[in-house]
There are 2 protein chains.
Amino acid sequence: MSRPVRLLLADDHPVVRSGLRALLSTEPDLTVVAEAATAREAVAVCARESVDVVLMDLQFGSGMQGVEATAAIVARPDAPRVLVLTTYDTEADILAAVEAGATGYLLKDAPPEELAAAVRAAAAGRSALAPAVAHRLIDRVRAPGVALTPRESEVLRLVADGLSNQQISRRLHLSQATVKTHLVHVYGKLGVESRTAAVAVARERGLIRR
Amino acid sequence: MSRPVRLLLADDHPVVRSGLRALLSTEPDLTVVAEAATAREAVAVCARESVDVVLMDLQFGSGMQGVEATAAIVARPDAPRVLVLTTYDTEADILAAVEAGATGYLLKDAPPEELAAAVRAAAAGRSALAPAVAHRLIDRVRAPGVALTPRESEVLRLVADGLSNQQISRRLHLSQATVKTHLVHVYGKLGVESRTAAVAVARERGLIRR
DNA sequence: CCCGGGATCAACCCTTTGGTTGATGGCGGC
DNA sequence: GCCGCCATCAACCAAAGGGTTGATCCCGGG
């Protein structure tokens, strides 16, 4: 056993950062070297300090989100591993995080031992998926599942918030034509014919959280 | 300053419990005497131990939820105060918690000082609302309570299920014109301009449940 | 290297929805 | 008895949404 694993905690909740710090401090081979309360700060810390593993939340209150930060962090040479640690296990979120370059995906209600094990796995370059998350992915593969692309999910979520196509196009810096295209694809995949029906079905299948 | 405030932490996330414990341990007048990983356990602990304030999450994975536990805890004589501590601040959740007997309502992203202050306020019997939460309630009070008529609610619920005006008219044995009239009234009362927005607002205000 | 899928946009057409005006009947309260 | 509210419906117009075709670009896999 050589030097300890150097950790960065990136989460906008002070409670969560303290909790992780407390839980991980009992592990002699793990050291928390920094905390970040915003995604942007997490990227900055990784750029100037030597970090082995980042525990990254996906939701930050505003500004840059966890997925973007993950992509920015792993883009550099000698980048740390990023372990996504979030409350939800929506398929779209998991896929987006993995695509952005996350090494693993954990849920915040995971038992502490699982947490420490995942950090060690990530530090060693191995992938770490929480059992619950792994289950979802397996179900996903087995059920010819409705696989919405990240962009489609994003648009659908804004629809669920009551936005019009025009508002969505402005929010995402797209043309209305593109929004419509995404929605038509969503309707096809969900087997519906209107935006409200799509929202209803997506809610039922857990594709949308509030 | 007499004896310290005795706290119970009720949350299904080990990370959150540890975080709260760590953050509150720096306050000499506050003592965490127990933790509960389920709502049922929280009720049991309150029944057999002397607790002054309960920090209660609303969402537990399964089984009893925070609102029910809150009601059960405050029902007994000499009950501890319950401080709800959750991630979301939807109006429906806040109202439900307050109705169940919660003394205060905090968000998990609140700064640690605010947290400690709220606990002391609760212990002293004072109400504690996070500023963000208070804002919501004020908005709610200022906006006159939207009272949808029974028929309007019925139509809106079918809209939320994804039905078109035509489908609704058949389901309720009405003409489409009548459905439209009801919806226009609903839009006016909710302050929106489309059916999806109406569903979003209604969900937020708890006018619709799944 | 080509192919497929994701993401982007345009132009077109048709249907649905939203907004307005106006009208009828019933029910409850003052 | 009148007024207000709820519920019902019609006709009409403007706007938004839904459906189709087709096109470009980029990327990663075989």
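Here, every reference points to the structure presented above.
The rules we used
- Residues numbered from 1 in each chain as written.
- Chains lettered and ligands numbered in written order.
- Predicted model: local features only at pLDDT ≥ 70, side-chain atom pairs only at ≥ 80, totals over all residues.
- Heavy atoms only, no water.
- Pairing = 2+ DSSP bridges.
- Helix = DSSP H or I, 4+ residues; strand = E, 2+ residues; numbered from the N terminus.
- Contact = heavy atoms within 4.5 Å.
- Axes fitted to C-alpha atoms, helices over the stretch in contact; angles between N-to-C directions.
- Salt bridge = Lys/Arg side-chain N within 4 Å of Asp/Glu carboxyl O.
- Near = heavy atom within 4 Å.
- Polar contact = N/O pair within 3.5 Å; in protein donor to acceptor, adjacent residues only side chain to side chain.
- Buried area = accessible area lost by both parts, 1.4 Å probe.
- Nonpolar A, V, L, I, M, F, W, Y, C, P; charged D, E, K, R; others polar.
- 1 Å grid on protein atoms, 1.4 Å probe; cavity = no way out; pocket = protein on both sides within 12 Å on 5 of 7 lines; lining within 4 Å.
- Points joined across faces, edges and corners; volume = space filled by probe spheres on them.
- Parallel < 35°, antiparallel > 145°, perpendicular 65-115°, else oblique.
- Buried < 20%, exposed > 50% of the residue type's maximum accessible area, 1.4 Å probe, protein only.
- Right-handed = clockwise from strand over helix to strand, strands pointing away.

1. A word on the sheet that holds strand β6 (residues 128-129) of chain A
Residue and element names in this part refer to chain A.
Right, on to step 1. Strands sit in the order β2-β1-β3-β4-β5-β6 across an open sheet of 6 strands; the sheet is parallel. On the outer flanks of this sheet lie β2 (30-36) and β6, each paired with one strand and no other.
Right, on to step 2. The pairing of strand β1 (residues 5-10) with β2 spans 6 bridges and is classified as parallel. Bridged to R6 within β2 is T31.
Right, on to step 3. Together, β1, β2, β3 (53-56), β4 (81-86), β5 (104-107) and β6 form the strand contacts of helix α5 (residues 112-123), whose direction differs from that of β4 by roughly 155 degrees.

2. Focus: the pattern of salt bridges
Residues and elements named next belong to chain A.
Right, on to step 1. Counted according to the given criterion, the structure contains 19 salt bridges over all chains.
Right, on to step 2. For the salt bridge of E35 with R21, the shortest nitrogen-to-oxygen distance reads 2.7 Å. In this pair, E35 is assigned in strand β2 and R21 in helix α1 (residues 14-24), connecting sequence segments 14 residues apart.

3. A few points about the protein's contact with DNA strand D
Right, on to step 1. Neighbouring residues of DNA strand D: 17 residues in total, closest K180 and R195 of chain A together with T149, S175 and H182 of chain B.
Right, on to step 2. Of what DNA strand D places within 4 Å of the protein, 71% of the atoms are sugar or phosphate.
Right, on to step 3. Within the backbone of S175 of chain B, one N or O atom sits 2.8 Å away from a phosphate oxygen of DNA strand D.
Right, on to step 4. At 3.2 Å, a side-chain N or O of T181 of chain B approaches a base nitrogen of DNA strand D.
Right, on to step 5. Elements with a contribution of two residues or more to the surface near DNA strand D: α9 (176-190) of chain A together with α7 (150-160) and α9 (176-190) of chain B.

4. Re the interface of chain A and chain B
Right, on to step 1. At the junction of the two partners, chain A supplies 27 residues and chain B supplies 29 residues.
Right, on to step 2. Note on chain A versus chain B: buried area summed over both sides is about 2200 Å², and carbon and sulfur give 64% of it.
Right, on to step 3. Our count for the chain A to chain B interface comes out at 0 salt bridges.
Right, on to step 4. Scanning the region where chain A abuts chain B turns up 0 residue pairs in polar contact (both at pLDDT 80 or more).
Right, on to step 5. Put simply, the parts of the chain that give the side of chain A that touches chain B at least two residues each are α1, α7 (150-160) and α10 (195-204) of chain A.
Right, on to step 6. Residue contributions to the side of chain A that touches chain B peak at 8 residues, all from α1 of chain A.

5. A few points about the protein's contact with DNA strand C
Right, on to step 1. Taken together, 15 residues surround DNA strand C, and among them T149 and H182 of chain A together with K180, Y187 and R195 of chain B come closest.
Right, on to step 2. Backbone atoms, meaning sugar and phosphate, make up 69% of the atoms of DNA strand C lying within 4 Å of the protein.
Right, on to step 3. Contact between DNA strand C and T181 of chain A: a base nitrogen at 3.2 Å from a side-chain N or O atom of the residue.
Right, on to step 4. One of the side-chain N or O atoms of Y187 of chain B is found 2.7 Å from a phosphate oxygen in DNA strand C.
Right, on to step 5. Listed by contribution, the elements that provide at least two residues to the surface near DNA strand C are α9 of chain A together with α9 of chain B.
Right, on to step 6. Looking at the surface near DNA strand C element by element, the count peaks at 4 residues for α9 of chain A.
Right, on to step 7. Tallied by class, residues from the surface near DNA strand C come to 3 nonpolar, 8 polar and 4 charged.

6. Things to note about empty space enclosed by the protein
Right, on to step 1. Taken as a whole and judged by the stated rule, the model has 2 cavities of 30 Å³ or more.
Right, on to step 2. Roughly 50 Å³ of volume is contained in the second largest cavity.
Right, on to step 3. Looking at the second largest cavity, the residues that line it are A160, T196 and V199 of chain A together with V159, A160, T196 and V199 of chain B.
Right, on to step 4. Of all the secondary structure elements, the ones that give two or more residues to the lining of the second largest cavity are α10 of chain A together with α7 and α10 (195-204) of chain B.
Right, on to step 5. Its residues assigned to classes, the lining of the second largest cavity comprises 5 nonpolar, 2 polar and no charged.

7. Comments concerning the packing of α7 of chain A against α9 of chain A
All names here are of chain A.
Right, on to step 1. Contact pair α7 / α9: the axes reach a minimum separation of 9 Å and the direction vectors enclose 95 degrees. Judged on the interaxial angle alone, α9 and α7 are roughly perpendicular. Touching R151, E152, V155, L156 and V159 of α7 are V179, H182, L183, H185, V186, K189 and L190, all from α9.
Right, on to step 2. Its residues assigned to classes, the contact of α7 with α9 comprises 7 nonpolar, 2 polar and 3 charged.

8. Points about the pairing of strand β1 (residues 5-10) of chain B
All names here are of chain B.
Right, on to step 1. Burial analysis of β1 places 5 of its 6 residues in the buried class, the great majority of the element.
Right, on to step 2. This β-α-β element, β1 to helix α1 (residues 14-24) to strand β2 (residues 30-36), shows right-handed connectivity.
Right, on to step 3. Direction of pairing for β1 relative to strand β3 (residues 53-56): parallel, over a ladder of 4 bridges. Within β3, the position partnered with A10 by the bridge is M56.

9. Digging into the environment of A34 of chain A
Right, on to step 1. Within the secondary structure, A34 of chain A is located in strand β2.
Right, on to step 2. As for A34 of chain A and L7 of chain A, which are separated by 27 residues in sequence, their C-alpha atoms are 6.9 Å apart.

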